[in-house]
Amino acid sequence: MSQEKEIPIHNLSYQDFQFTTLETGHPENFHDIHRHNFFEILWFSEVKDTSFLELDFERYQLKNNQICIIAPGQVFNMKLQGEKGYVFAISREIFKEVCETETLLTAGAHPFFLNTENLQTCQLLIKLLGQEYHGKSRMNLIKTYLKAFCIIITEELNSQEVLVNDKLRIQQLNALIETHFIFERETKFYAERLNMSTHHLNDIVRFSRGTTVKKMVVQRLLLEAKRELSFGALTVKEVAFKLGFNDASYFSRFFKKHTGNSPDVFKNSKD
């Protein structure tokens, strides 16, 4: 019988903010599957053709000048191959001070590009931030540079999103799903919380994400199930009950329907 595993959690050891480069960072911070108890911003300025990262069981091929934001609790894995770029490790408290975007606070952001103008601005901010961090290290000034950086990248993400009102609804929906996905799986619950009809909410979600509210909830459930099955110490039955399924066999059918594998097969494949 295989020994149960838990996902290692990496902590900020002695600072609320750490700034390193991919070239000088410690490989052990990357070369395993792990979670953070802090936020991490990765800027890949130069990567290989084979560079990739895995974030919550999704694999992303990396390109030059992409940024990725990892939120606390997300499952992350990457094998460094000599990529160049920057790493910000930021405590929850500081990140909430410098970033006000609900989506980033709850779910981070998978790799995205910066346009030319924003790229130049962020390069300047990185230079200033690095000089301050390795110089006088005045935290108030570092926070100012970080906030400016977050404003730029948030605007970049927003420009790739839907209209402002719809974007706000999606942010609110994401936050609601994050809080209630275990026990509330019906579109009606989320529509009522957002004070709109189920039809209107699904229209917004379909237009902006190409999916439905119910499918978003299902994907969040599946993600949590995969996290628990891969590295948690719980049995399949215990995972089912933890995720709000009264019947373990129903959980097994649900998981297999959406993934193609039973929970036991998925769990054993990770041992």
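Being a predicted model, the structure only gives us computed values, none of them experimental.

Peer 1: Got a minute to help me understand the overall build of the protein chain in this structure?
Peer 2: Of the regular secondary structure elements, the protein chain holds 11 helices and 10 strands. Whereas a compact globule of 271 residues would reach a radius of gyration of roughly 18 Å, the protein chain reaches 20 Å, a difference of no more than 12%. Projected onto its principal axes, the C-alpha positions of the protein chain cover 60 × 50 × 35 Å. Taken across its 271 residues, the protein chain has 49% of its residues classed as buried. For the protein chain, the proportion of contacts with a sequence separation of at least 24, taken over those separated by at least 6, is 71%. Carbon and sulfur atoms provide 50% of the accessible area of the protein chain, an area that totals close to 14400 Å². Counting 33 positive and 34 negative side-chain charges, the protein chain places the averaged centre of each group 3 Å from the other.

Peer 1: Please clarify how the sheet that holds strand β4 (residues 39-46) should be interpreted in this entry.
Peer 2: Backbone hydrogen bonds are what pair the strands of a sheet, in a parallel or an antiparallel way. As summarised here, the arrangement of the 5 strands in space is β2-β9-β4-β7-β10, forming an open sheet in which the pairing is antiparallel. The sheet terminates laterally at β2 (17-21) and β10 (109-113), the two strands that pair on one side only. The sheet shows a mean angle of 10° between the axes of neighbouring strands, taken without regard to direction. Looking at chain direction, β4 and strand β9 (residues 84-90) are connected through 7 bridges and run antiparallel. Bridging from a neighbouring strand, Ile41 pairs with Phe88 of β9. Packing against the sheet, helix α3 (residues 116-134) makes contact with β2, β4 and β9, and its axis sits at approximately 115° to β2.

Peer 1: Mind showing me how you'd approach the packing of helix α8 (residues 213-231) against helix α10 (residues 248-259) here?
Peer 2: Where α8 meets α10, the closest approach of the two axes is 11 Å, and the angle between their N-to-C directions is 105°. Judged on the interaxial angle alone, α10 and α8 are roughly perpendicular. Together, Val218, Leu221, Leu222, Ala225, Lys226 and Leu229 of α8 and Phe251, Phe254, Phe255, His258 and Thr259 of α10 make up the contact between the two elements. Looking at the contact of α8 with α10 residue by residue, the class counts come to 8 nonpolar, 2 polar and 1 charged.

Peer 1: Explanation requested: the layout of surface pockets in the structure shown.
Peer 2: A water-sized probe rolled over the atoms picks out the places where empty space is left. In this structure, the largest pocket occupies an estimated 1500 Å³ of space. Contributing elements (two or more residues each) for the lining of the largest pocket: β6 (58-61), α1 (92-98), α2 (102-107), β10, α4 (139-159), α5 (164-180) and α8. In terms of residue count, the dominant contributor to the lining of the largest pocket is α8 (9 residues). When grouped by side-chain class, the residues that make up the lining of the largest pocket number 17 nonpolar, 15 polar and 15 charged.

Quick notes on the rules
- Residues numbered from 1 in each chain as written.
- Predicted model: local features only at pLDDT ≥ 70, side-chain atom pairs only at ≥ 80, totals over all residues.
- Heavy atoms only, no water.
- Helix = DSSP H or I, 4+ residues; strand = E, 2+ residues; numbered from the N terminus.
- Rg over C-alpha atoms; globule rule 2.2 N^0.38 Å.
- Buried < 20%, exposed > 50% of the residue type's maximum accessible area, 1.4 Å probe, protein only.
- Contact = heavy atoms within 4.5 Å.
- Areas by Shrake-Rupley, 256 points an atom, 1.4 Å probe, with all protein chains shown as cover.
- Lys, Arg positive; Asp, Glu negative; His and termini not counted.
- Charge placed at Lys NZ, Arg CZ, Asp CG, Glu CD.
- Pairing = 2+ DSSP bridges.
- Axes fitted to C-alpha atoms, helices over the stretch in contact; angles between N-to-C directions.
- Parallel < 35°, antiparallel > 145°, perpendicular 65-115°, else oblique.
- Nonpolar A, V, L, I, M, F, W, Y, C, P; charged D, E, K, R; others polar.
- 1 Å grid on protein atoms, 1.4 Å probe; cavity = no way out; pocket = protein on both sides within 12 Å on 5 of 7 lines; lining within 4 Å.
- Points joined across faces, edges and corners; volume = space filled by probe spheres on them.

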